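Summary of structural features
This is what each chain is made of:
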Amino acid sequence: MDTLTHALSGALLARTTEPGCPRPDQLPRRLRLWVGFWAAAFPDSDFIVRFINPLAYLTAHRGITHSIVMLPLWAVGLALLFMLLVRGRYSWRAFVGVCALGIGAHIAGDVITAFGTMIFAPLSHWRASFPTTFIIDPYFTAIIAGGLVASAIWNTTRKPAFIGLALLVGYVGFQAVLHHRAVLVGKAYAAEHRLEATGVEALPQPFSPFNWMIVLPQRDDYLIAYVSLWRDAVPRAAPENANWLWQVYASYYPPAAASWKRVPRFDASSDAAVEKQAWHSRALEAYRRFALFPAVYGVDRTQGSTCVWFEDLRFALEGRSIPFRYGACRNGLVGAWRVHPLFKDTDGRAAASTITH
């Protein structure tokens with residue numbers, strides 16, 4: 001979830017839980033809302049790792065700052081900071097509950113996306129994910145904002161905030177139902193074609209809660225389809241010069257007309273052996289922990305060096321380049337593999353930038 005939506009959810013939760021008649025030692029409404037806002041934004045402070053090491057950011061993001069194990073420590077730390085900012089006018093105890101609610105709201109908002117959240121860090125690197133909601137969902141954000149606006153208009157009661165929160169929970173519940181329907185579409189296709197799929201994954205997509213990417217992971221490849229659970233007719237194809245928004249919008253088909261694309265994990269060529277060697281190298285250990293649906297993007301051989309590039313298909317969108325592509329490069333045939341991020345230079349050619357360790 002984007003940071004602004006997280007912050008607004010913290011403010012809405014702070015308003016919902018506001019005491020009916022605050023005591024003098026409890027936070028006034030405006031301060032309580034701002035504390036909830038900034039506390040809910042706090043977990044994304046781990047973005048600073050991105051400037052140190054991009055790959056470390058991928059593997060550490062939604063880690064220790066998003067952990068329910070660490071939540072009490074972060075809540076107390078933020079409470080002490082807010083106490084200092086108001087020069088001791090209120091005790092840290094007046095802040096800690098709101099801070100805990102804000103951080104908790106952020107963690108919950110990230111768990112329902114496909115990126116995965118290490119809720120037990122640093123005890124475990126396991127990523128919790130119940131992917132009901134796309135990472136940027138304007139309907140989700142609008143419900144929160146609507147609840148806050150209504151609370152400001154009818155400011156003598158908490159009912160608007162409660163209604164906004166209830167609508168938000170109901171919306172996510174509706175998305176969970178759609179997630180189940182998308183999984184059933186994948187299971188039906190696998191059964192009809194007698195596929196030996198290891199499971200069915202459904203990932204939320206942009207523009208509509210009815211849009212889903214369905215993935216059938218198999219031993220050597222993936223079957224992927226973009227499905228709209230709302231449409232009953234194939235959308236008009238986007239013209240060649242259409243912008244990426246149109247291309248993405250037109251890529252979701254009704255389940256009965258879904259176009260299933262097979263994507264290999266490794267190329268079925270003489271490069272397969274070196275691709276597997278690069279993938280299982282120590283250099284890509286961190287990326288292996290991150291990638292949910294890894295696949296080879298390409299192999300480059302220039303001036304005696306070999307680079308094998310990988311991508312995570314969970315971020316694939318029609319008309320958009322997949323982000324978070326990384327690879328392993330080595331000199332000669334027996335050199336040590338080194339990890340590199342892949343980006344495009346000004347001429348559109350693949351280029352690598354070494355990550356220092």
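Numbering of residues starts from 1 in each chain and follows the order in which that chain's sequence is written. With the structure being a predicted model, the display of local features is reserved for residues of pLDDT at least 70 and the display and counting of side-chain atom pairs for 80 or more, all residues being used for whole-chain, interface and lining totals. Hydrogen atoms and water are omitted, and side-chain values are computed over all heavy atoms in the structure.

Backbone hydrogen bonds are what pair the strands of a sheet, in a parallel or an antiparallel way. Pairing between two strands is assigned when DSSP locates at least 2 bridges connecting them. Per the convention used, a helix needs a DSSP run of H or I reaching at least four residues, while a strand needs a run of E reaching at least two, with both numbered from the N terminus. Taken in spatial order, the four strands line up as 1-2-3-4 in an open sheet, and their pairing is antiparallel. Two strands close off the open sheet at either side, each with one partner strand: strand 1 (201-204) and strand 4 (261-264). Here the average twist between neighbouring strands, direction ignored, is 25 degrees. Pairing geometry for strand 1 and strand 2 (residues 211-217), over four bridges, is antiparallel. Its bridge partner lying in strand 2, Leu203 is registered against Met213. The strands that helix 7 (residues 159-192) touches are strand 1, strand 2 and strand 3 (221-228); relative to strand 2, the one it contacts most, it runs at about 40 degrees. Here an axis means a line fitted to C-alpha atoms, over the contact stretch when the element is a helix, while the angle between two N-to-C directions is reported on a 0 to 180 degree scale. Contact criterion: two residues are considered in contact whenever any of their non-hydrogen atoms come within 4.5 Å of each other.

Here we come to the pairing of strand 2. Within strand 2, seven of the seven residues are buried, which leaves the element mostly enclosed by the surrounding structure. Of the two faces of strand 2, both are covered, the one formed by Asn211, Met213, Val215 and Pro217 as well as the one formed by Trp212, Ile214 and Leu216. Hairpin connection from strand 1 to strand 2: six residues lie between these consecutive antiparallel strands, with Phe207 at a positive phi of about 80 degrees. Relative to strand 3, strand 2 runs antiparallel, the two sharing seven bridges. Paired with Asn211 across the strands is Ser228, a residue of strand 3. Linkage of strand 2 to strand 3, two consecutive antiparallel strands, is achieved through a turn of three residues. Burial classification: accessible surface area is computed with a 1.4 Å probe over protein chains only, and a residue below 20% of its type maximum counts as buried, one above 50% as exposed, and the rest as partly exposed.

A few words now on unusual backbone geometry. Residue Pro122 is bonded to the preceding Ala121 through a cis peptide linkage, with omega at 0 degrees. If you trace the backbone, Pro122 turns up in the loop between helix 5 (92-111) and helix 6 (138-153). Unlike most non-glycine residues, Arg87 shows phi in positive territory, near 60 degrees. Relative to the assigned elements, Arg87 resides in the loop between helix 4 (71-85) and helix 5. The exposed category is assigned to Arg87, whose relative accessible area is 80%. Notably, Phe324 is not glycine yet its phi reads approximately 60 degrees, a positive angle. Structurally, Phe324 is set in the loop between strand 6 (305-312) and strand 7 (326-331).

Attention now moves to the pattern of salt bridges. Between Lys or Arg on one side and Asp or Glu on the other, a salt bridge is scored when a side-chain nitrogen of the former is within 4 Å of a carboxyl oxygen of the latter. In total, this model carries eight salt bridges according to the counting rule given. Between Arg15 and Glu18 there is a salt bridge, and its shortest N-O distance comes to 2.8 Å. There is no split in this pair, since Arg15 and Glu18 are both buried. Residue Asp110 is joined to Arg62 by a salt bridge in which the shortest nitrogen-to-oxygen separation is 3.3 Å. Of this pair, Asp110 sits in helix 5 while Arg62 sits in the loop between helix 3 (54-60) and helix 4, and the two are 48 residues apart along the sequence. Taken as a pair, Asp110 and Arg62 share a single burial class, namely buried.

The next thing to look at is the packing of aromatic side chains. A pair of aromatic rings is counted whenever rings of Phe, Tyr or Trp (Trp by its six-membered ring) have centres within 6.5 Å, and the orientation is called stacked for planes under 30 degrees apart, edge-to-face for over 60 and tilted otherwise. Counted according to the given criterion, the structure contains 22 aromatic pairs. Ring geometry for Phe210 against Trp230: centres 5.0 Å apart, planes inclined by 50 degrees, an arrangement best described as tilted. Linking Phe210 in the loop between strand 1 and strand 2 with Trp230 in the loop between strand 3 and helix 8 (244-249), this pair joins segments that are 20 residues apart in sequence. Classification of Phe210 by relative accessible area gives buried; the value is 16%.

How far a helix is expected to stretch is found by multiplying one less than its residue total by 1.5 Å. End to end, helix 2 (residues 29-41) covers 19 Å across 13 residues, agreeing with the expected 18 Å (1.5 Å per residue, within 8%). Along helix 2, the positions that sit buried rather than exposed are Arg32, Val35, Gly36, Phe37, Ala39, Ala40 and Ala41. Against the buried residues of helix 2 lie helix 1 (3-16), helix 4 and helix 5.

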